[in-house]
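# Observations on chain architecture
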Amino acid sequence: MKIGFSGQALGNSMPFAGICNMAKKYNMTTCEIWECNAEGNGAGYIDRDIKKIKKIASDKGVTVECVTLGAAFDGGLTADSLNYVKLLTNAIETASELGALRVNHYCANISHGEKADFDRMEKFWGESIKSAEKHGIILALENEAHDSTRTPDRMLKIMQYFNSKYFKTNMDVTNYYQAGCDGFPDAYEILKDYIGYVHLKNARRQPNGFCYVPIPDGAVNISGLVSRIIEDRSYDGLCSLEPHVPPELVEAYYSRESEYLYNLLK
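None of these values were measured; they are calculated from a predicted model.

## A closer look at the sheet that holds strand β3 (residues 63-68)
Spatially, eight strands are ordered β1-β2-β3-β4-β5-β6-β7-β10 in a closed barrel, and the strand pairing comes out parallel. Ignoring strand direction, the axes of neighbouring strands in this sheet form an average angle of 30 degrees. As paired elements, strand β6 (residues 167-171) and strand β7 (residues 195-200) share three bridges and run parallel to each other. Among the inter-strand pairings, M171 is bridged to a residue of β7, identified as V198. Helix-sheet contacts for helix α1 (residues 16-24) involve β1 (2-6), β2 (30-33) and β3, and the interaxial angle to β1 is about 145 degrees. On the sheet, helix α9 (residues 247-265) packs against β1, β7 and β10 (238-241) and is oriented at approximately 160 degrees with respect to β1.

Printed below as a string of structure tokens:
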């Protein structure tokens with residue numbers, strides 16, 4: 001298991017080289033990149049400078065282990081399945097170019113309902129799964145609280161339907177908590193055979209609503225999750241810290257959360 005960072009948290013306020021420098025202060029040298037980390041324009045990575053990302057990572061001694069495509073959140077980009085397939089397939093090719101092992105992606109506008117729309121999912125993911133198999137890249141579908149992946153049982157049905165060792169889930173137990181489910185141990189027990197990636201963050205419910213907090217302070221049993229993953233050997237890749245906080249708070253979260261997690265791994 002590797003504790004690393006997501007380029008999303010600071011991607012719109014700091015260049016990728018600076019993010020790498022900050023993360024390395026807290027012994028994090030493995031990462032997930034987002035479109036905002038790569039110079040260029042447009043959706044996805046088609047018109048972005050991946051060679052520069054590769055050089056910066058190499059110069060900084062950082063490994064890119066995951067490439068994230070957030071296009072499923074954009075209704076315009078999901079209006080045409082063929083256009084979306086191009087973006088997702090290119091993200092797989094980008095991961096291959098960077099030596100990354102996985103592509104994190106979403107359901108969002110692809111299937112919103114209580115019941116998964118498998119016909120629509122096939123149009124958006126079917127060809128890309130073939131590309132992932134060809135390149136040896138895992139497509140990790142992240143569970144979110146507001147689409148057809150909101151419960152672990154629904155995610156399990158999606159995993160079973162596509163039935164590919166290159167199509168797995170990004171296990172985000174705090175997103176399950178946000179959806180009103182038990183992230184650990186329940187979601188873990190249901191999906192432990194399908195974990196292809198892990199996001200680590202925490203939250204709690206307060207009188208004024210749902211609030212993200214540092215991992216040690218939240219309602220979700222992250223320490224239990226990490227311990228069980230290690231004990232079961234259910235996953236041995238990058239676990240990205242994903243602080244959903246303003247940029248000025250990110251370093252404080254990285255400092256506290258990385259120390260907490262590395263103590264668990266001792």
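## What to know about the side chain of R48
Checked against the element boundaries, R48 lands in the loop between β2 and α2 (50-60). In this structure R48 is buried but unpaired, with E35 as the nearest side chain of opposite charge at 6.3 Å. A polar contact of 3.2 Å, which involves the side chain of R48, links it to the backbone oxygen of G40. From its side chain, R48 meets the backbone oxygen of G42 in a polar contact 2.8 Å long.

## Things to note about the side chain of E242
Residue placement: E242 occurs in the loop between β10 and α9. Polar contacts involving the side chain of E242 include one to the side chain of K201, which spans 2.6 Å. Sequence-distant contacts of E242, defined by excluding residues within four places in its chain, comprise Q8, E142, D172, H199, L200 and K201.

## A short note on the packing of aromatic side chains
One pass over the full model with this rule turns up 11 aromatic pairs. Pairing Y177 with F210 gives two aromatic rings, centres 5.9 Å apart and planes at 40 degrees, and the pair type is tilted. On the criterion of sequence distance, the pair formed by Y177 in helix α6 (residues 173-178) and F210 in strand β9 (residues 209-213) is long-range, its members being 33 residues apart. Above the plane of the ring of Y177 lies R205, whose end atom (NZ or CZ) is 4.4 Å from the centre.

Reading the values: rules and limits
Residues numbered from 1 in each chain as written. Predicted model: local features only at pLDDT ≥ 70, side-chain atom pairs only at ≥ 80, totals over all residues. Heavy atoms only, no water. Pairing = 2+ DSSP bridges. Helix = DSSP H or I, 4+ residues; strand = E, 2+ residues; numbered from the N terminus. Axes fitted to C-alpha atoms, helices over the stretch in contact; angles between N-to-C directions. Contact = heavy atoms within 4.5 Å. Buried < 20%, exposed > 50% of the residue type's maximum accessible area, 1.4 Å probe, protein only. Lys, Arg positive; Asp, Glu negative; His and termini not counted. Salt bridge = Lys/Arg side-chain N within 4 Å of Asp/Glu carboxyl O. Polar contact = N/O pair within 3.5 Å; in protein donor to acceptor, adjacent residues only side chain to side chain. Phe/Tyr/Trp six-rings, centres within 6.5 Å; stacked < 30°, edge-to-face > 60°. Lys NZ or Arg CZ within 6 Å of the ring centre and 35° of its normal.

Everything listed is a geometric property; what it means functionally is a separate question.
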